[in-house]
Amino acid sequence: MTSAGLPLAPAAEPAVPGVDPAVGDEIGPLTVHVDRAQLVRYAGASGDFNPIHWNPRVATSVGLDDVIAHGMLTMALAGRLVTDWIGDPAAITDFEVRFTRPVVVPDPDGVDVEITGRVAEVAPGGSADGPGNAGTATARVDLTVTVDGRKVLGKARATVRLPGSARST
Amino acid sequence: MMDSSFVGRSFPPAEPYMVGVEKVREFADAIGERSPLCHDRTAARAAGHPDLVAPPTFAMAVVARAQEAVLFDPRLGLDFSRVVHGDQAFTHHRPICAGDELTAVVHIDAIREMAGNDIITLRTELTAHDDVPVCTAVSTLVSRGAA
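Not measured: the values here are computed from a predicted model.

A. Region of interest: the overall build of chain B. The secondary structure content of chain B amounts to four helices and six strands. In chain B, the order of α-helices and β-strands from amino to carboxyl end is β-β-α-α-α-α-β-β-β-β. If one aligns the C-alpha atoms of chain B with their principal axes, the spans along those axes are about 55 × 30 × 20 Å. The 147 residues of chain B split such that 38% are buried. Expressed as a percentage of contacts within chain B between residues at least 6 apart in sequence, the contacts between residues at least 24 apart total 73%.

Shown next, in the form of structure tokens:
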């Protein structure tokens, strides 16, 4: 369920539960249109009311071209590619990004954020490859997030527990 | 310059963060997450969760509140107006669910200077009311030099 007014692109094709991802599998793309209304909505939902995310006067006064998206919103959208694919928002165990370029959100046009992923590693169950993952089959997805063809995140990767794997304790 | 003697310190938790059903739905809506596990309590319970599942980056809403008390401490000497978020990493030991009462302890893991910028690494450990580890969040914040 989403409220009216929130622009949403079609989700990435959900993975079939029990899917057997292989290294090199491509995921997406997921394109999400972000406008000022979504920044305001995210500010309220997250509690991050830094005015550089909604007030152009403040944004330009600190040297930005215009209002920019919350980095954590961009990270959240990247996470959606993964949770849509695996079909389970609880499946992500590890998720990290580097914020390398601000996402400027002009009014009223907004901006398209494009997200793609690639399965970079598949670890079979039984390997103790880290806290929370011991005995659980996992896959690591490397993410590419761009605006106007330019990367806005670096080192973006998520590790998911694969469907059918035992829950970690 | 930040006071590097803060490295290794941890900050005791304030009031626990109470994860609410409507907050999870609101956050999911704000990022366009439409999974039934984030919206439909019956579906979440049927999937084995105690209540709605929060999207993975929801943890930051909890973490940010705890970090603020540390970052605004004048003794640290951080110029918050110049701070940008450099890196963020989460390790989820289990999903955050509605009904969780989360306690956050913030640790200052590193303070360093690079190319005229102050860089601080904060690690926030979220635990549930039964002391079970829920999430480890590592944030690297960059305070841009005035030069």
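B. Broad picture of the overall build of chain A. Broken down by element type, chain A carries three helices and six strands. Counting helices and strands in the order they occur from the N terminus, chain A gives β-α-α-α-β-β-β-β-β. Taken across its 169 residues, chain A has 41% of its residues classed as buried. Taking as baseline every contact in chain A between residues at least 6 positions apart, the subset at least 24 positions apart corresponds to 66%.

C. Structural context of helix α1 (residues 36–46) of chain A. When α1 of chain A is considered as a whole, its buried residues turn out to be Q38, L39, R41, Y42, A45 and S46 of chain A. Buried residues along α1 of chain A cover an arc of 165 degrees about the axis, so they all sit on one side. Contacts from the buried residues of α1 of chain A go to β1 (26–34) and α3 (71–86) of chain A together with α1 (21–31) and α4 (59–71) of chain B. G47 of chain A occupies a position one or two residues after α1 of chain A and carries a positive phi of about 85 degrees.

D. Quick peek at unusual backbone geometry. Look at the link from G28 of chain A to P29 of chain A: it is a cis peptide, with omega at 10 degrees. The topology assignment puts P29 of chain A in strand β1. Even without being a glycine, D131 of chain B presents a positive backbone phi close to 65 degrees. Its location among the elements puts D131 of chain B in the loop between β5 (117–127) and β6 (133–143).

E. Looking closely at the confidence of the model for chain A. Looking at chain A, pLDDT values average 86 and 79% of them are 70 or higher. The low-confidence segment residues 1–16 of chain A, where pLDDT is below 50, has 32 contacts with residues more than four positions distant or belonging to other chains.

F. Summary view of the nonpolar core. Of all hydrophobic cores here, the largest spans 79 residues; its most connected members are A78, L143 and V160 of chain A together with V24 and A59 of chain B. Examining the composition of this core, we find that ten residues originate from one element, α3 of chain A, more than from any other. Once residues lying within four places of it in the same chain are set aside, the contact partners of L143 of chain A are A78, L81, I115, G117, L153, A156, R157 and A158 of chain A.

G. Structural view of the interface of chain A and chain B. Listed per partner, the contact involves 34 residues of chain A and 31 residues of chain B. If you list the elements that add at least two residues to the side of chain A that touches chain B, you get α1, α3 and β2 (92–99) of chain A. It is α3 of chain A that contributes the most residues to the side of chain A that touches chain B, nine residues altogether. For the side of chain A that touches chain B, the per-class residue count stands at 18 nonpolar, nine polar and seven charged. With five bridges joining them, β2 of chain A and strand β3 (residues 83–92) of chain B adopt antiparallel strand pairing.

H. The arrangement of the environment of M18 of chain B in detail. All names here are of chain B. Structurally, the position occupied by M18 is in strand β2 (residues 17–18). Classification of M18 by C-beta neighbours within 10 Å gives partly exposed; the count is 13. A C-alpha to C-alpha distance of 23 Å links M18 and F72, two positions 54 residues apart in sequence.

Conventions used here
- Residues numbered from 1 in each chain as written.
- Chains lettered and ligands numbered in written order.
- Predicted model: local features only at pLDDT ≥ 70, side-chain atom pairs only at ≥ 80, totals over all residues.
- Helix = DSSP H or I, 4+ residues; strand = E, 2+ residues; numbered from the N terminus.
- Buried ≥ 20, exposed ≤ 12 C-beta atoms within 10 Å, placed from the backbone.
- Contact = placed C-beta atoms within 7 Å.
- Arc of directions from axis to C-beta.
- pLDDT = per-residue confidence, 0-100.
- Core = buried A, V, L, I, M, F, W, Y, C linked by C-beta atoms within 7 Å.
- Nonpolar A, V, L, I, M, F, W, Y, C, P; charged D, E, K, R; others polar.
- Pairing = 2+ DSSP bridges.

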